[in-house]
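This is what each chain is made of:
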Amino acid sequence: MVKSIITVIIATFIVVFGAFLESVSLNKTFDEMIICIDQIDLKLEDEVCTTDDILSLQTLWIESKKHLHIYIPHTEIKELDLWISECVMSVKLEKFDEARIKLEVVKELCEQIPKTFNVKVENLF
Amino acid sequence: MLIIFIRAIIIFVTLVVIMRLMGKRQIGEMQPFEFIITLLIAELACVPMTDVSIPLVYGVVSIIAVFILHQILTILEQSSQRFKSVIDGKPAVVINKRGVDIKELKKNNMDVSDLLESLRTTGNFSLDSVHYAIYESNGKLSVLKSEQKDASNQLPLLLVYEGKFDKNNYKLLKLSDKIFDNFLKQNNIKSLKSIDILTVASSGECYLQLKNMPYKKVHFDFSEDVKW
């Protein structure tokens, strides 16, 4: 019985610790993304955004998604990939209004994805 | 991760409750929660293995959740007999010295035809060939055979169960209403409703159990040859 109790404690600890790391990592990654998005949005509003600015967001995302693949469904990562790529192209074509709309979608996704991992009734059922 | 863990726990607990409510006939040679674990593990392992859009950690976490629940249930069962009976259920004595316990059968969502089927799998073809029959918590039937052997070599058919007639078996036994009415009169049975169980073999041997009465063996006189 002692063995069973120990295995339960260890297994529970692994899950809880894993969940804690996941939560910290998710919030940190998406908070960084949102900060970057807000900075680019200001530049887009003033129509001074350059391709390098938007590419920095894309690079940040490409770096971040490497570890996000461990605990986020790959379909959600792909969705963000597509929206960011569209933003990049809009900025390259200097369609700043269009880029702002797409960036808003990226921001919304960055805000919503971590929320789906919070322990809430709506996420459980 | 925590969401997956909690969802796995909710599903597991729901399945345990549902399996317990379904009774013993849904289980085969396993305790209810072991049966659920077998069902779940296969599916949990399969989905993340084949669907590349789902992170592997989802499958791993849910399998760990099932493992934790299994360990907790095992610990609780070892420490409390009451908890064990709640989770696994109790063995049900469905045949005793008075005959078939219909209430006990109903508690486990079964009827006499299910009992006869289970008895046949244990090599007993008539209800009076066993002293006791017990449905174990894993759904298996254990029997204590009576000393007297069934010498008739006949397969008894269920004719009446809880006052209801089995028309197919009635035809197989080639009975007529007149013969059956005579049988009822000979045994002082006023209506079919007072019969809990009546099985008849082609040799004429009957197992008759009236409501709230112990069973008795009676003989049925057929007017013509029965080929059953």
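Residues numbered from 1 in each chain as written. Chains lettered and ligands numbered in written order. Predicted model: local features only at pLDDT ≥ 70, side-chain atom pairs only at ≥ 80, totals over all residues.

1. A word on the overall build of chain B
Rules: What counts as a helix is a DSSP run of H or I of at least four residues, what counts as a strand is a run of E of at least two, and both are numbered from the N terminus. Residue burial here comes from a neighbour count, namely the number of other C-beta atoms, placed from the backbone, that lie within 10 Å of the residue's own C-beta, with 20 or more meaning buried, 12 or fewer meaning exposed, and in between meaning partly exposed.
When its secondary structure is counted, chain B shows 8 helices and 9 strands. Taken along the three principal axes of its C-alpha coordinates, chain B extends 75 × 40 × 30 Å. With 228 residues in all, chain B has 30% of them scored as buried.

2. Considerations on the sheet that holds strand S7 (residues 195-200) of chain B
All names here are of chain B. Our working rule: Note: two strands are recorded as paired if DSSP finds a minimum of 2 bridges between them.
What the 5 strands build is an open sheet, ordered S6-S5-S7-S8-S9; its pairing is antiparallel. Edge positions in the sheet fall to strand S6 (164-165) and strand S9 (216-219), since each of these pairs with one other strand and no more. As judged from the 5 bridges shared by S7 and strand S8 (residues 205-210), these two strands associate in the antiparallel manner. In the strand pairing of S8, Val-200 is matched with Cys-206.

3. Details of the packing of helix H1 (residues 2-45) of chain A against helix H4 (residues 96-115) of chain A
Residues and elements named next belong to chain A. The line we're drawing: Axis definition: a line fitted to C-alpha atoms, over the contacting stretch in the case of helices. Angles run 0 to 180 degrees between N-to-C directions. Each angle receives one of four descriptions, namely roughly parallel if under 35 degrees, roughly antiparallel if over 145, roughly perpendicular if within 65 to 115, and oblique otherwise. Throughout, a crossing is termed right-handed when the near helix is turned clockwise from the far one, and left-handed when it is turned anticlockwise from it by less than a right angle. C-beta atoms are placed from the backbone for every residue, and two residues are taken to be in contact when these atoms lie within 7 Å. The residue classification treats Ala, Val, Leu, Ile, Met, Phe, Trp, Tyr, Cys and Pro as nonpolar and Asp, Glu, Lys and Arg as charged. All others, Gly included, are polar.
Put simply, H1 and H4 touch, their axes get as near as 10 Å, and they point 165° apart. One finds that H1 runs roughly antiparallel with respect to H4. The interaxial crossing formed by H1 with H4 has left-handed handedness. Two secondary-structure elements touch here, H1 through Leu-26, Asn-27, Phe-30, Met-33, Ile-34, Ile-37, Ile-40, Asp-41 and Leu-44 and H4 through Phe-96, Ala-99, Arg-100, Leu-103, Val-106, Lys-107, Cys-110, Glu-111, Ile-113 and Pro-114. Of the residues assigned to the contact of H1 with H4, the class counts are 14 nonpolar, 1 polar and 4 charged.

4. A word on the environment of Lys145(B)
Position of Lys145(B) relative to the elements: it lies in strand S4 (residues 141-145). Residues Lys145(B) and Asp177(B) lie 32 residues apart in sequence; the distance between their C-alpha atoms is 34 Å.

5. Overview of the domain arrangement of chain B
The condition is simple: The domain limits used here are those given by an automatic or database domain assignment.
Under the domain assignment used here, chain B contains domain 1 (2-88) and domain 2 (92-219). Placing the centre of domain 1 of chain B and that of domain 2 of chain B at their C-alpha centroids yields a distance of 38 Å.

6. Side note on the nonpolar core
As a rule of thumb, nonpolar side chains are buried together in soluble globular proteins. Heads up, the condition is: Think of a nonpolar core as buried Ala, Val, Leu, Ile, Met, Phe, Trp, Tyr and Cys residues chained together by C-beta atoms that fall within 7 Å.
Membership of the largest hydrophobic core comes to 47 residues, with the highest contact counts inside it found for Ile37(A), Ile40(A), Cys87(A), Val106(A), Val61(B), Ala65(B) and Val66(B). Of all the secondary-structure elements, those providing two or more residues to this core are H1, helix H2 (51-68), helix H3 (74-92) and H4 of chain A together with helix H1 (2-22), helix H2 (32-50) and helix H3 (56-79) of chain B. The element best represented in this core is H1(A), accounting for 9 residues. Residues within four places of Val61(B) in sequence aside, it is in contact with Val15(A), Met1(B), Ile4(B) and Phe5(B). One finds Ile95(B), Leu105(B), Tyr135(B) and Leu173(B) within the second-largest nonpolar core, a separate group that totals 29 residues.

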